[in-house]
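Here's the letter readout for the chains.
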Amino acid sequence: MGFLKYFLIFIPISIVADLMKVSPMWLFLLSSLAIIPLAGVMGEATEEISFYSGPRIGGFLNATFGNATELIISFFALKAGLFDVVKASIAGSVIGNILLVLGASMLVGGIRYKVQKFNKKVVEVSASMLLFAVIGLTIPAIFTHTIKTEALTARYEWLSIGIAIAMFIIYLLGLYFSFYTHKDLYGSEHQESGEAKWSLKKSITVLILATIAVALESEFLVSSVEPMTHTLGLSEFFVGIIIIPIIGNAAEHSTAVLMAAKNKMDVAVEIAIGSSLQIILFVAPILIFISLLFKPMSIIFNEFELVAMIVSVLIVNRVASDGESNWLEGVQLIAVYIIIAISFLI
Amino acid sequence: MGFLKYFLIFIPISIVADLMKVSPMWLFLLSSLAIIPLAGVMGEATEEISFYSGPRIGGFLNATFGNATELIISFFALKAGLFDVVKASIAGSVIGNILLVLGASMLVGGIRYKVQKFNKKVVEVSASMLLFAVIGLTIPAIFTHTIKTEALTARYEWLSIGIAIAMFIIYLLGLYFSFYTHKDLYGSEHQESGEAKWSLKKSITVLILATIAVALESEFLVSSVEPMTHTLGLSEFFVGIIIIPIIGNAAEHSTAVLMAAKNKMDVAVEIAIGSSLQIILFVAPILIFISLLFKPMSIIFNEFELVAMIVSVLIVNRVASDGESNWLEGVQLIAVYIIIAISFLI
Amino acid sequence: MGFLKYFLIFIPISIVADLMKVSPMWLFLLSSLAIIPLAGVMGEATEEISFYSGPRIGGFLNATFGNATELIISFFALKAGLFDVVKASIAGSVIGNILLVLGASMLVGGIRYKVQKFNKKVVEVSASMLLFAVIGLTIPAIFTHTIKTEALTARYEWLSIGIAIAMFIIYLLGLYFSFYTHKDLYGSEHQESGEAKWSLKKSITVLILATIAVALESEFLVSSVEPMTHTLGLSEFFVGIIIIPIIGNAAEHSTAVLMAAKNKMDVAVEIAIGSSLQIILFVAPILIFISLLFKPMSIIFNEFELVAMIVSVLIVNRVASDGESNWLEGVQLIAVYIIIAISFLI
């Protein structure tokens, strides 16, 4: 967390701004700045709770609540019918985690340490799950984009739900794999080290308060997306794929880079890849299920999103295969992210 | 084989059913059930013969006759002009072997053994040949699908034949590689262990009889495809890519899973990948050559088939690269197969 | 070099032929034959100069002037407005280096030595940079090919320049990586062995003369492309992607194969991959920059070129991942090249 903590001041500021009916651009900016530290607070509170719950339930909590911020933002976007923004932000979280977070970690770490090693086996399990997950998303999309029969829409709704269920089952099986049948593979990583700083009661209180605040700020954020993009001439798509994922993941990002700087590349890589994995296998299915309450959202991504995700996953599989990283790999990951961002921007 | 042997009873049943002019659906079902054990009998007879022929010719016989069933079914489909079914069943055999057979092997084996290891070097040779083979199929297809000039049809016929010849040469060179120049790489795998159970005469007789029976049942099967798909509202494409490959490979599949359950993952992986390789490099070219007798079939696959094959090959290369497997990898392979099957179905 | 030296006789012959106004086909052939040894002479002179400049600047010179011939040919093609030929020859150099040069090296070397090993780590750095570079080229192309809005042309010009700058920066950082921060990774390869055969003055004189001769012959070559393709019914595209790269890289190719035959697979692989890398990260951006003097050329490749490049890079990453090669891998690489060439031809 560190200095991000001071950003909490943007919570009251954004509330006042909303009451004063400032321009959407300002509201978007202020609520974004408020969400960044809140995501960190939620992560910290979850970690504290896991000290009391024991390592297994704790690991589960961390894995599940790690992306609570994205989930909440997406929930409000879904409610507002901004399906394109929701899907773009799913894709954007995946590529942002892999290219930007992993790239920045490898660059920052690589400047201090010539070669950084990480647990190849663990990363291979995650990278390979990520490959499967993206392939699972790609197959139905290719069918839809090639066939394009409007008559099939109803059928594709069922396909979406079916795939979401499959993803979610794989997610649960993945947790079972890493916390039960193959937990020794993960060695010390899953062990909680240190002691709780907060009491259980405080932790839970903080988690609840932070969740409420994130929900409030997400409403501000989502309500300002449409008018803001109009004013600035940006596409909603760009906001979804680049800006929202950066806001939602900023706290996690800074942790990963910090770990890399301390030569704990294992943790940095696991945050980046694990977070991408949770987005596809947990957040995306949950959003499909939630959308059934409003208007069903399909799981079919557009070509840009698919290509960007496939490319990212191929890269991470390549990078993971040798269990080592250096600054040049970091630069290349970031360069690919910048090229994607620029292509989306123009 | 095991209990599949009892399915041989479906040979007389299907013949009677054909004479009684039962509905196509029943004929399809009965001839399918008859083919399943016949494929196993043919495999067994070939193996017996190889005891008498010595390891090299035996290996060659096994490699070449291993897909005799698919070849015979496809021959009759080709004769009936069902090109789409033939090509779909080639693609379906490749993805079925990689995703379903390998997946089931890894799952079943992985439930009994925490981590199963296999000879990484051998698998890498096969996986890499598979990558080349699929790329060889993809390149001309991309040209055709992008250009789409009808005027080029004649030219693409020559391209198909040229590529089929190239595939076949690579197949022969691959056999030369594994039985001559690099046979030590394969170690004990290529050695025949145990003794012949049958006399040479009996083996040859069984092989000939089984071949005749497969031919008969294939005619039943192929003749019932069109009316059956009409009745059930299935696409011929679905029958070709999912159902026929399962029928043609069932015997092989059960062997692979059995081997995995005995922790002989080496054999299971080699059956799955080797079988896919033979389909592309041996069965597909032979079918192109045979089609010249009737009406030339092009080697150009459609987008769905290509994507499904590319995806499967990428996965198998990923999975092969660490020389280990576990139950979660098995689940993921099967999940991708199910997603492909569902997408084809709707 | 060896016997290629005698081809220098084609310099005066081609000049006389141009004065005598021979048919374009002959001029194309004669100037091609003259360029082949000149590329070798330029390489030799650069290497001589590097003996005097010390290993770092020498390595830089080699890396930078290694593709001078392609650069000069492309310069004249650019000046003549043959954008399609220029881009096709960039793609063709990449696939030719990876598939044809590497394939021939692995085949020739593999016939003499059962298994050839190479420095896996160095190759992985290059193969992974190549993956990034091709992805960098692919992303904007996919956007353009999917959107296809003419109104965006001006924007895509800026995108091209931006990507060219990014590529060039990565190129410089790559040199910094291999000559400064991680030079020990490359071990003895970067050390100049032996002594200079020529004086510095002679080396520089030879380099200048050879450059002038290449420039002259390139003008002959480029001027004859259009009329020759008309006469022979070849597409300019085929000339760009297959013929020009073979001419421009022949000297380098023969060196790589020679090294493989001497079991110096390290050097052969580094020539093939390194050369592809320089084409994408150095030659392509420089050509984009130069094109601004005439008429801006976009960095967007067509589908065929992209697929061919992506496929090549996937293969080289696969091949590099085990640090070993054999004759069968060589055959497969060459087979893919032949399939690509045939597909482009028809």
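Residues numbered from 1 in each chain as written. Chains lettered and ligands numbered in written order. Predicted model: local features only at pLDDT ≥ 70, side-chain atom pairs only at ≥ 80, totals over all residues. Heavy atoms only, no water.

### Re the pattern of salt bridges
It is possible for side chains bearing opposite charge to pair when their charged atoms get close. Residue and element names in this part refer to chain A. Stated formally: A carboxyl oxygen of Asp or Glu within 4 Å of a side-chain nitrogen of Lys or Arg is what we treat as a salt bridge. Starting at the N terminus, helices and strands are each numbered in turn, a helix being any DSSP run of H or I of at least four residues and a strand any DSSP run of E of at least two. Only protein chains enter the accessibility calculation, which uses a 1.4 Å probe; a residue is then buried when its area is under 20% of its type maximum, exposed when over 50%, and partly exposed in between.
Under the counting rule described, the total for this entry stands at six salt bridges over all chains. Between E44 and K197 there is a salt bridge, with its nearest N and O atoms 3.4 Å apart. With a gap of 153 residues between them, E44 in helix α2 (residues 24-53) and K197 in the loop between α7 (153-181) and α8 (200-232) connect regions that are remote in the sequence. For K197, a relative accessible area of 58% gives the class exposed.

### Some thoughts on the interface of chain B and chain A
Where we set the bar: Should any heavy atoms of two residues lie within 4.5 Å, those residues are counted as being in contact. When two parts are brought into contact, each loses some accessible area as probed by a 1.4 Å sphere; the total of that loss over both is the buried area. Identification of polar contacts relies on pairs of N or O atoms within 3.5 Å, with a donor-acceptor requirement for protein atoms, meaning one able to donate a hydrogen and the other able to accept it, and with residues adjacent in sequence counted only if both atoms are side-chain atoms.
Taken together, the 26 residues of chain B in the interface contact 28 residues of chain A. Between chain B and chain A, roughly 2,700 Å² of surface is buried when both sides are summed, and carbon and sulfur atoms account for 77% of that area. Linking chain B with chain A are zero salt bridges. Where chain B meets chain A, there are three residue pairs in polar contact (both at pLDDT 80 or more). Those elements that provide at least two residues to the side of chain B that touches chain A are α11 (303-320) and α12 (327-345) of chain B.

### A look at a nonpolar patch on the surface
Residue and element names in this part refer to chain A. Here is the rule: Within this analysis, patches are made of residues with over 30% relative accessible area and no salt bridge. Like charges are joined at 9 Å or less; nonpolar side chains (Val, Leu, Ile, Met, Phe, Trp, Tyr) at 5 Å or less. For the accessible areas, the method is Shrake-Rupley and the probe is 1.4 Å, while residue cover comes only from the protein chains on display.
A contiguous nonpolar surface patch, about 660 Å² in accessible area, is contributed by V16, M20, V22, M25, W26, L29 and L232. Here the nonpolar patch gets three residues from one element, more than from any other, and that element is α2. As for its placement among the helices and strands, L29 is situated in helix α2.

### Quick look at the interface of chain A and chain C
Let me state the cut-off plainly: Only Asp, Glu, Lys and Arg are considered charged, only Ala, Val, Leu, Ile, Met, Phe, Trp, Tyr, Cys and Pro nonpolar, and every remaining residue, Gly among them, polar.
With 26 residues of chain A at the contact, the number on the chain C side is 28 residues. Overall, the association of chain A and chain C removes approximately 2,600 Å² of surface from exposure, summing both partners, and the carbon and sulfur fraction of that is 77%. The interface formed by chain A and chain C includes zero salt bridges. There are three residue pairs in polar contact (both at pLDDT 80 or more) connecting chain A and chain C. Listing elements by their share of the side of chain A that touches chain C, those giving two or more residues are α11 (303-320) and α12 (327-345) of chain A. Looking at which element gives the most residues to the side of chain A that touches chain C, the answer is α12 of chain A, with 13 residues. Residues of the side of chain A that touches chain C, tallied by class, amount to 17 nonpolar, three polar and six charged.

### Things to note about the packing of helix α8 (residues 200-232) of chain C against helix α9 (residues 236-261) of chain C
Helix packing geometry: the angle between the two helix axes and the distance between the axes. Residues and elements named next belong to chain C. As a reminder of what qualifies: The angle between two axes is taken between their N-to-C directions and runs from 0 to 180 degrees, where each axis is a line fitted to C-alpha atoms and a helix contributes only its stretch in contact. An angle below 35 degrees is treated as roughly parallel, one above 145 as roughly antiparallel, one from 65 to 115 as roughly perpendicular, and anything else as oblique. By convention the crossing between two helices is left-handed if the near helix lies anticlockwise of the far one by an angle smaller than a right angle, and right-handed if it lies clockwise.
Orientation of α8 relative to α9, taken along the N-to-C sense of each, is 140°, at an axis distance of 11 Å. Here α8 lies oblique to α9, going by the angle between them. Judged by the twist between their axes, the crossing of α8 over α9 is right-handed. Across from L221, V225, E226, M228 and T229 in α8, the residues of α9 making contact are E236, V239 and I247.

### Concerning the relation of the copies chain B and chain A
The pair of chain copies shares a relation made of a rotation about an axis and a shift along it. Our working rule: Here the copies are superposed with least squares, the fitted atoms being C-alpha atoms of residues at a pLDDT of at least 70 in both.
In screw terms, the move from chain B to chain A is a rotation of 120° and a rise of 0.0 Å along the axis, fitting with an RMSD of 0.0 Å. What the rotation and shift describe, once combined, is the action of a three-fold rotation axis. No C-alpha of chain B lies nearer the rotation axis than that of S321 of chain B, which sits 4.9 Å from it.

### With respect to α8 of chain A
Residue and element names in this part refer to chain A. Which entries qualify depends on this criterion: Every helix has an expected span of 1.5 Å times one less than the residues it contains. Working definition for bend: take the seven residues up to and ending at a residue and the seven starting at it, fit an axis to each, and measure the angle between the axes.
An ideal rise of 1.5 Å per residue puts 48 Å on 33 residues; α8 measures up with 45 Å between its terminal C-alpha atoms. Along its length, α8 shows its largest kink, about 40°, at V225, and proline P227 lies within four residues downstream of that point. A positive phi of about 75° marks G233, the residue just after α8.

### Notes on the packing of aromatic side chains
The cut-off we apply is this: Any pair of Phe, Tyr and Trp rings, taking the six-membered ring for Trp, is counted once the centres come within 6.5 Å. Such a pair is stacked with planes under 30 degrees apart, edge-to-face with planes over 60 apart, and tilted for the rest.
The full count for this structure, using the stated rule, is 33 aromatic pairs over all chains. Ring centres of Y176 of chain B and Y180 of chain B lie 5.5 Å apart, and the angle between their planes is 20°; this geometry places the pair in the stacked category. Separated by four residues within a single helix, Y176 of chain B and Y180 of chain B lie in helix α7 (residues 153-181), roughly one turn from each other. Classification of Y176 of chain B as partly exposed rests on a relative accessible area of 43%. Geometrically, the ring pair formed by F7 of chain C and F10 of chain C is edge-to-face, given 5.8 Å between the ring centres and 70° between the ring planes. We classify F7 of chain C as partly exposed; its relative accessible area is 21%. Connected via pairs of aromatic rings, a cluster forms that spans F168, Y171, F282 and F289 of chain A.

### What about the environment of L216 of chain B?
Turning to its location among the elements, L216 of chain B is positioned in helix α8 (residues 200-232). Along the primary structure L216 of chain B and S31 of chain B are separated by 185 residues, whereas in three dimensions their C-alpha atoms are 8.9 Å apart.

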